[in-house]
There are 2 protein chains.
Amino acid sequence: MSDVQSNRMKGVLAPVLTPFGEDGKPDPVRLEQLCRWLISHDCGLAIFGTNSEGNSLSIAERLDLLAHLVAAGLPADRMMPGTGSCSLPEAVSLTRAVVDHGCGGALVLPPFYFKIATDDGLFAFFAELVERIGDDRLRIYLYHIPPVTHVGISHALIERLLKRYPGVIAGMKDSGGDWAYTEKTLSLFASSGFDVFCGTETILLETMRRGGRGCISATCNVNPGAIVRLYNTWQADDAPQQQEALNLIRASFAAYPMIAAMKDAVSVALGDPGWTRVRPPLQELNPDERASLRRRLSELSFDLRRMSSS
Amino acid sequence: MSDVQSNRMKGVLAPVLTPFGEDGKPDPVRLEQLCRWLISHDCGLAIFGTNSEGNSLSIAERLDLLAHLVAAGLPADRMMPGTGSCSLPEAVSLTRAVVDHGCGGALVLPPFYFKIATDDGLFAFFAELVERIGDDRLRIYLYHIPPVTHVGISHALIERLLKRYPGVIAGMKDSGGDWAYTEKTLSLFASSGFDVFCGTETILLETMRRGGRGCISATCNVNPGAIVRLYNTWQADDAPQQQEALNLIRASFAAYPMIAAMKDAVSVALGDPGWTRVRPPLQELNPDERASLRRRLSELSFDLRRMSSS
C-alpha cells in the first residue's frame, strides 16, 4: 500500500481561478502568477475545476493553458486538472494530455448532462476512459458534486471501479455537501488505496481524522496558507481553533457568489483590477457586494493585500 | 410579422438519433440515411439534440457530421442543430458553423453546468453569443429543458432577449414537462414572433390550438408520419383521436430508456443491428426490454419494418 501511495497526490489543492483578459480569453500569464503564489504556499493546482470556471473553457483553451503552465516550469506532479466532459472523446483527449504532461492526477466529472445515467452506464464511461488512455501513469480522481451535476458517484460504483482498475482509480474529490456520504466513503475505501479529498476545508479536520488525504476547496485560492497549516498540523492541540478560523473566512466568501468574490479578493491582493473578470453566465460582484465583502474580511483581520501569507 | 416569419422554421422536427460505428465513432452514412427517411416524411432535422446524444459528441464530431449532411444534399433550411455548450467559445463555434451552412436555426441550451446562473448571467451568455456571431441570418431557439439542465429559461429572460434581439431570438423548444409554463409562454410570446415548439408530441394538439409552431420530439425519429399528419390536420375533426394514437406509441417507447428503445426500433426498421449502439453513459436495451418493447409495439399494430410509413 505504501508503495502504491508513495507517489500519490495529497494535501491541499486549489481549484485555481481562471483569469480572463479584456478580450474575454483566458490569460495564461495571470494564471501562471496565481499558480506560483499557490505553490509557494504548498498548495497544489486543481486547475479547470468548478471554481476555475473549467466548464466555461473550451477543450482547446484547457489544453493550451495546461501546456503553458507546464512549460512555465510549474510542477506537473502538483497538478490535478479537471478533465471531465459529457463527451467521452473530449474527456479522453484532456485526460491523455494530463498524463502526457506528467500531472499527478486527473479530476474527472461524470458525464453530467445525462441525468438518466445508471451505475452500469457510468461504469462503462469511466472504464472506456481508462482503457482508451491505456497508461499506467493514469490516476483518476472521481469528482462527486451532485449539487451541480445531479449525477453522483455511488459507493457501489466506486467499489466496482476500484476492483477493476486498482491504482488507476486513485480517489475522489467529494463536494457532495453530505457528511454522511463522506464518512461512509472514508470508512469503506480510505484504507484501500482510495484517497478522499474533501471539497470544502470546513470539514478538513474531520476528514483527516477519518483517514482522508486532504482537501480541494474553492477558498484555497484566497486562504491557502492557513488551510495548509491545518492540514500539516491536524493532530495539534489547536487544530479545532484553526478549523473555526478557516470556517469564518470561508463563510465570508460563501455569502457572495463565490467565484466572483474570490476573484475580487485576488484583484485586491495583486493590485490588478483585471482579475475580477468572469465568463458568462457568471457575473462580477456589484459595488455593494464588493464593499460588503471587504468589510467582512476586514472585520476578520483578513488582510487582502497580504492574502493569507500567514 | 408575416414577413419576419415567412422563412421561419415550423412543423415537426426530430432530434435525430446519432448512429455509432463499431469503433465507437459517429457514423455519417447511417445518419444520412435516417435523415433522408425523416425528410421523406416532411420531418425536419434537429440534429445534436438531447435524444441525439448531442452532448456525448465532441465539438469536432458535431462539426464534421453537420458538414457531411449538408454536403450530402440534405436541406439545411430544415435543420436546427443543437449548438449549446457550457463553454461560450464552443457555443460560438458551433452556432457560427450552423449559420454558415445556411441552417434554419440553432437550438441553444443554457450553460447547464452553472446551476448558480442568474437571469442576468444567462442574458449575458446569450447576448455575447448573438453579438459574436454578428449575422442577420442567425435564428436562435432557446432550449428549455430543466429536468435535464436544472437551469431554465424564465419568461422574464425571454422578454429581455426578444426586446434586444428581435428576429434573432426566434423561439423555443419547450421540454419542461410543465404545461402551465408552456401555456404561459404561448400566451405571452406566440404573437410576438417567438415560435414555440413543444418538446413532446403528446401536447402537440394543445400547443397548436394556442398558437404554437410545431413540435420537436424524440419519438419523431420513429413515428414521423403520424406526428406530421396531426401537425398538418390539427383543426380536423379527428385530431383528438390522432393525438390519442400518438400518445400510445409515445408511451410504449417512454416505458424504456428512450434513446436505446428508439435505436432498437430503427435497427429493426432498417434491418441493421448496428443501429442499436449508444455511447456511454447510455446503454442498449437488454434482451428482456427488447422483447417487451417489440411486443408492446406489435399490440399497437405499429409495424417496425414499415416504421410509421402511414
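Residues numbered from 1 in each chain as written. Chains lettered and ligands numbered in written order. Predicted model: local features only at pLDDT ≥ 70, side-chain atom pairs only at ≥ 80, totals over all residues.

Within chain A, the regular secondary structure consists of 13 helices and seven strands. Taking 19 Å as the expected radius of gyration for a compact globule of 310 residues, we find that chain A reaches 18 Å, a close match to that expectation. Projected onto its principal axes, the C-alpha coordinates of chain A cover approximately 50 × 50 × 40 Å. Within chain A, counting contacts between residues at least 6 apart in sequence, those at least 24 apart form 72% of the total. (Helix = DSSP H or I, 4+ residues; strand = E, 2+ residues; numbered from the N terminus. Rg over C-alpha atoms; globule rule 2.2 N^0.38 Å. Contact = placed C-beta atoms within 7 Å.)

Of the residues lining the interface, 32 residues belong to chain B; the matching set on chain A comes to 32 residues. Contributions of two or more residues to the side of chain B that touches chain A are made by α4 (88-100) and α5 (119-133) of chain B. The greatest single-element share of the side of chain B that touches chain A, amounting to six residues, is contributed by α5(B).

The next thing to look at is the sheet that holds strand β7 (residues 214-216) of chain B. Residues and elements named next belong to chain B. Strand order across the open sheet formed by seven strands is β2-β1-β7-β6-β5-β4-β3, with parallel pairing between neighbours. On the outer flanks of this sheet lie β2 (44-45) and β3 (106-108), each paired with one strand and no other. Taken together, the two bridges between strand β6 (residues 195-198) and β7 define a ladder with parallel strand orientation. Bridge pairing in β7 links Phe 197 to Gly 214. (Pairing = 2+ DSSP bridges.)

This part takes up the nonpolar core. Of all hydrophobic cores here, the largest spans 184 residues; its most connected members are A:Val16, A:Tyr141, A:Ile227, B:Val16, B:Tyr141 and B:Ile227. In this structure, A:Tyr141 is in contact with A:Met80, A:Gly105, A:Ala106, A:Leu107, A:Val108, A:Ala170, A:Gly171, A:Met172 and A:Lys173, ignoring residues within four places of it in sequence. (Core = buried A, V, L, I, M, F, W, Y, C linked by C-beta atoms within 7 Å. Buried ≥ 20, exposed ≤ 12 C-beta atoms within 10 Å, placed from the backbone.)

Residues and elements named next belong to chain B. Mapped onto the elements of the fold, Gly 134 is located in the loop between α5 and β4 (140-144). Here Gly 134 falls in the exposed class, since 9 other C-beta atoms lie within 10 Å of it. Considering only alpha carbons, one finds Gly 134 and Arg 96, 38 residues apart in sequence, at a separation of 9.2 Å.

What follows concerns the pairing of strand β5 (residues 169-174) of chain A. Residues and elements named next belong to chain A. Among the six residues in β5, six count as buried, and that is most of the element. Pairing geometry for strand β4 (residues 140-144) and β5, over five bridges, is parallel. The residue of β5 that forms the bridge with Tyr 141 is Gly 171. When β5 meets strand β6 (residues 195-198), the two strands line up parallel, connected through four bridges. Note that in β6 the partner of Asp 174 across the bridge is Cys 198. This β-α-β element, β5 to helix α8 (residues 179-189) to β6, shows right-handed connectivity. (Right-handed = clockwise from strand over helix to strand, strands pointing away.)

Our focus in this paragraph is helix α5 (residues 119-133) of chain A. Every α-helix winds through 3.6 residues per turn, so residues three or four apart in the chain are directed the same way. Residues and elements named next belong to chain A. Along its 15 residues, α5 runs 21 Å from first to last C-alpha, staying within 8% of the 21 Å computed at 1.5 Å per residue. Taken together, the buried positions of α5 are Gly 121, Leu 122, Phe 125, Phe 126, Leu 129, Val 130 and Ile 133. Against the buried residues of α5 lie α4 (88-100), β4 and α7 (155-164). Positive phi shows up at Gly 134, right after α5, with a value of about 55°. (Expected span 1.5 Å × (residues − 1).)

Turning next to the pairing of β6(A). By the alternation rule, side chains of β6(A) split into A:Asp195 and A:Phe197 and A:Val196 and A:Cys198, which are all buried. Regarding topology, helix α9 (residues 204-209) of chain A serves as the crossover connection from β6(A) to the parallel strand β7 (residues 214-216) of chain A, and that connection is right-handed.

Moving on, we come to the sheet that holds strand β2 (residues 44-45) of chain A. Ordered by their spatial adjacency, seven strands build an open sheet running β2-β1-β7-β6-β5-β4-β3 (chain A), and the pairing between neighbours is parallel. The sheet is open, and its two borders are formed by β2 and β3 (106-108) of chain A, each paired with just one other strand.

Another point: the confidence of the model for chain A. Looking at chain A as a whole, the pLDDT averages 95, with 96% of positions reaching at least 70. Reported for the predicted complex are a pTM of 0.96 and an ipTM of 0.95. (pLDDT = per-residue confidence, 0-100.)

Turning our attention to the relation of the copies chain B and chain A. Once turned by 180° and shifted 0.0 Å along the axis, chain B lies on chain A with an RMSD of 0.0 Å. Those values place the two copies in the arrangement expected of a two-fold rotation axis. Interface overlap between copies: 100% of the residues of chain B at the interface are likewise at the interface in chain A, consistent with a symmetric, same-surface contact. (Least-squares fit on C-alpha atoms with pLDDT ≥ 70 in both.)

With that settled, consider helix α11 (residues 239-254) of chain B. Residue and element names in this part refer to chain B. Taking 1.5 Å per residue, 16 residues should reach 22 Å; α11 reaches 22 Å between its end C-alpha atoms and fits that length. For α11, every residue scored as buried is listed here: Gln 242, Leu 246, Ile 249, Arg 250, Ser 252 and Phe 253. Summarising the axial view, the buried residues of α11 lie within an arc of 155°, below the 170-degree limit, and thus occupy one face. In α11, the exposed residues that point more than 90 degrees away from the buried face are Pro 240, Gln 241 and Glu 244. (Arc of directions from axis to C-beta.)

This next bit is on the environment of A:Trp234. All names here are of chain A. On the secondary structure map, Trp 234 appears in the loop between α10 (224-232) and α11 (239-254). Here the alpha-carbon distance between Trp 234 and Glu 206, two residues 28 residues apart in the chain, equals 9.2 Å. Non-local contacts of Trp 234, meaning those with residues more than four positions away in its chain, are made with Leu 205, Met 208 and Ala 239.

Moving on to the packing of helix α2 (residues 28-40) of chain B against helix α3 (residues 59-71) of chain B. Residues and elements named next belong to chain B. At a minimum axis distance of 10 Å, the contact between α2 and α3 shows a crossing angle of 55°. As far as their axial angle goes, α3 and α2 are oblique. When you trace α2 past α3, the crossing you get is right-handed. Residues Pro 28, Leu 31, Glu 32 and Cys 35 of α2 pack against Leu 65, His 68 and Leu 69 of α3. Classifying every residue of the contact of α2 with α3 by side-chain character gives five nonpolar, one polar and one charged. (Axes fitted to C-alpha atoms, helices over the stretch in contact; angles between N-to-C directions. Parallel < 35°, antiparallel > 145°, perpendicular 65-115°, else oblique. Left-handed = near helix turned anticlockwise from the far one by under 90°. Nonpolar A, V, L, I, M, F, W, Y, C, P; charged D, E, K, R; others polar.)

Positionally, A:Phe114 belongs in the loop between β3 and α5. A count of 25 C-beta atoms within 10 Å places A:Phe114 in the buried class.

Turning our eyes to something else, we now look at the packing of α10(A) against α11(A). All names here are of chain A. α11 packs onto α10 with a crossing angle of 155° between their chain directions and a minimal axis gap of 10 Å. Classified by the angle their axes make, α10 and α11 are roughly antiparallel. Crossing angle aside, the handedness with which α10 passes α11 is left-handed. Across the interface between the two elements, Ala 226, Ile 227, Arg 229 and Leu 230 of α10 pack against Ala 239, Gln 242, Gln 243, Ala 245 and Leu 246 of α11. Each residue belonging to the contact of α10 with α11 can be placed in one class, and the counts come to six nonpolar, two polar and one charged.

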